[in-house]
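Examining the three-dimensional arrangement
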Amino acid sequence: MIRNRFWRFAAQPHGNDFSAALALEDEPVPTPGEGEVLIRADWLSMDAGTRMWMTPRTDGYQPPLEPGVKMMGLCLGRVVASRAGGFKTGDLVRGFGQWADYSLVRPELSDLRVLDETVTDPRQHFGVLGMNGWTAYVGVLETGAAKAGDTVLVSAAAGATGLLACQVAKIAGCRVIGLAGGPEKCRVLVEAFGVDQALDYKSADVEAELAKAAGGVNVYFDNVGGPLLDAVLPNMAHYGRIALCGLIAGYAESGPARGPARFDQILMRRLTISGFFSPDFSARGDQINAVMRPWMEQGAIKMAFDETVGLENLLAAYAKLFSGGNIGKVIVDLRG
Ligand SMILES: NC(=O)c1ccc[n+]([C@@H]2O[C@H](COP(=O)([O-])OP(=O)(O)OC[C@H]3O[C@@H](n4cnc5c(N)ncnc54)[C@H](OP(=O)(O)O)[C@@H]3O)[C@@H](O)[C@H]2O)c1
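Residues numbered from 1 in each chain as written. Predicted model: local features only at pLDDT ≥ 70, side-chain atom pairs only at ≥ 80, totals over all residues. Heavy atoms only, no water.

Next up on the list: helix α5 (residues 183-193). Listing the buried residues of α5 in full gives K185, C186, V188, L189 and F193. Take α5 and look down its axis: the buried residues cluster within an arc of 160 degrees, on one side only. Relative to its buried face, α5 has exposed residues pointing more than 90 degrees away, namely P183 and E191. In the core, the buried residues of α5 are packed alongside α4 (160-171), β9 (175-180) and β10 (197-200). (Buried < 20%, exposed > 50% of the residue type's maximum accessible area, 1.4 Å probe, protein only. Helix = DSSP H or I, 4+ residues; strand = E, 2+ residues; numbered from the N terminus. Arc of directions from axis to C-beta. Contact = heavy atoms within 4.5 Å.)

Structure below.
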């Protein structure tokens, strides 16, 4: 009998040690009830924001995960059984399921979509044509309002969201500076992704280096928060925009992340700082993809994938998001 292996969220993790927090278990493959869809996952998406769901904090954008539940996350695969309208066996779909071989979902609660099968590399539904792509597009062009000639700075620039934000800004005609951990990431950003300048925040004095950027930073696409934000604030151009995408430096904290010490610069430089959040604009996904897909097919935007094979190896893949072990989108391949 086929079994469904899944990761159970057992307990809130300490720091970034997930070994006691998540447990690999199995069960008979579930059968969908009325209104439910069963998906066999080909790939799982590892997303940094899920770390916050594992904390006890109740003031985040969603309630904390209750210990004992199956771990939630985005999956991409095929419908194997459906009792929900609009989804049939064999459909290629993406939505919020479980970290499991098989995900049982209610489409209206999981943002489940039937995907375009003409996309050559289906993994791009987790890349340029998925949540990270939409976040980069909206963050750079709408929240950040980047325009040709602007200097756009991106933190966690070699990660999934950051790589796409850098490339959207280049397409918009901006000068792009990436912040990333380590010389190899900086080399890849410049040589493979067309970033104009990359700063290794682990060895460089970021505040001093940014002070050399002529005219200052017009748009900061921030994935990190923490001390890097303090290094950036005094280097923003007057009337600059900070598109606050993520605060990964503080996701392991059980309470609120520390605010910026250089808050005063928001007045001194007449800055605008705005948070933005992909579920608020995921309904516009097809509209954004209609712009991003031609860019992708013309080679103007691409995604690197950091792929780990096997559900049993998922924790090593997940940990890369917090240790900086990845370049591009971290996914787990379950097709074996
Ligand atoms: N607002 C939204 O709707 C939305 C949607 C998607 C993602 N996000 C946010 O985007 C950010 C990136 O998420 P992702 O899933 O795409 O992951 P990712 O960028 O692929 O991976 C995370 C990267 O963050 C960097 N990092 C980790 N801890 C750091 C720290 N303390 N200081 C500086 N850099 C650190 C690491 O790169 P280095 O080696 O460079 O340190 C790591 O590779 C997260 O903050 C996430 O919450 C927001």
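Taken together, 30 residues surround the ligand, and among them K185, Y201, Y251, S278 and N326 come closest. Residue G181 places a main-chain N or O atom 2.8 Å away from an oxygen atom belonging to the ligand. About the coverage of the ligand: the protein hides 91% of its 910 Å² of free accessible area. The set of elements that each furnish at least two residues to the shell around the ligand consists of α3 (131-143), α4 and α10 (314-323). Counting residues per element, the shell around the ligand draws most heavily on α3, which supplies 3 residues. Two domains share the shell around the ligand, each providing at least three of its residues, namely domain 1 (3-126 + 304-333) and domain 2 (131-279). (Near = heavy atom within 4 Å. Polar contact = N/O pair within 3.5 Å; in protein donor to acceptor, adjacent residues only side chain to side chain. Areas by Shrake-Rupley, 256 points an atom, 1.4 Å probe, with all protein chains shown as cover. Domains from an automatic or database assignment.)

Time to look at the layout of surface pockets. For the second largest pocket, the calculated volume is near 230 Å³. Ranked by residue count, the leading element in the lining of the second largest pocket is helix α7 (residues 226-232), at 4 residues. Classifying every residue of the lining of the second largest pocket by side-chain character gives 9 nonpolar, 4 polar and 3 charged. (1 Å grid on protein atoms, 1.4 Å probe; cavity = no way out; pocket = protein on both sides within 12 Å on 5 of 7 lines; lining within 4 Å. Points joined across faces, edges and corners; volume = space filled by probe spheres on them. Nonpolar A, V, L, I, M, F, W, Y, C, P; charged D, E, K, R; others polar.)

Within α10, the full set of buried residues consists of L314, L315, A317, Y318, L321 and F322. The buried side chains of α10 occupy one side of the element, clustering within an arc of 165 degrees when seen end-on. Buried-residue contacts for α10 involve β1 (3-9), β2 (22-28), β3 (37-45), α1 (50-53), β14 (305-309) and β15 (329-333). Directly after α10, the chain includes G324, whose backbone phi takes a positive value near 80 degrees.

Across the sheet, which stays open at both edges, the 6 strands sit in the order β10-β9-β8-β11-β12-β13 with parallel pairing between neighbours. Taken across any chain shown, the strands that pair with only one partner, and hence form the sheet edges, are β10 and β13 (272-275). Taking the axes of each pair of neighbouring strands and ignoring which way they run, one obtains an average angle of 15 degrees across the sheet. The strands touched by α3 are β11 (217-222), β12 (236-244) and β13; relative to β11, the strand with the most contacts, the crossing angle is about 155 degrees. (Pairing = 2+ DSSP bridges. Axes fitted to C-alpha atoms, helices over the stretch in contact; angles between N-to-C directions.)

Moving on: the pattern of salt bridges. In this structure the tally under the stated criterion is 26 salt bridges. Linking D26 and R3 is a salt bridge whose minimum nitrogen-to-oxygen distance equals 3.2 Å. Here R3 lies in strand β1 and D26 lies in strand β2, a separation of 23 residues in the sequence. Taking the relative accessible area as the measure of exposure, D26 reaches 42% and is therefore partly exposed. Look at R3 and you get partly exposed, because its relative accessible area is 37%. Between E312 and R5 there is a salt bridge, and its shortest N-O distance comes to 3.1 Å. In this pair, E312 sits in the loop between β14 and α10 while R5 sits in strand β1, placing the two residues 307 residues apart along the sequence. What makes R5 partly exposed here is its relative accessible area of 29%. (Salt bridge = Lys/Arg side-chain N within 4 Å of Asp/Glu carboxyl O.)

This paragraph deals with the side chain of K185. With respect to the helices and strands, the residue K185 is situated in helix α5. Here K185 sits buried without a salt bridge, and the closest side chain of opposite charge, D306, lies 8.2 Å off (N-O distance). Those residues in contact with K185, other than ones at most four positions away along the chain, are A158, A180, G324, N326 and I327. (Lys, Arg positive; Asp, Glu negative; His and termini not counted.)

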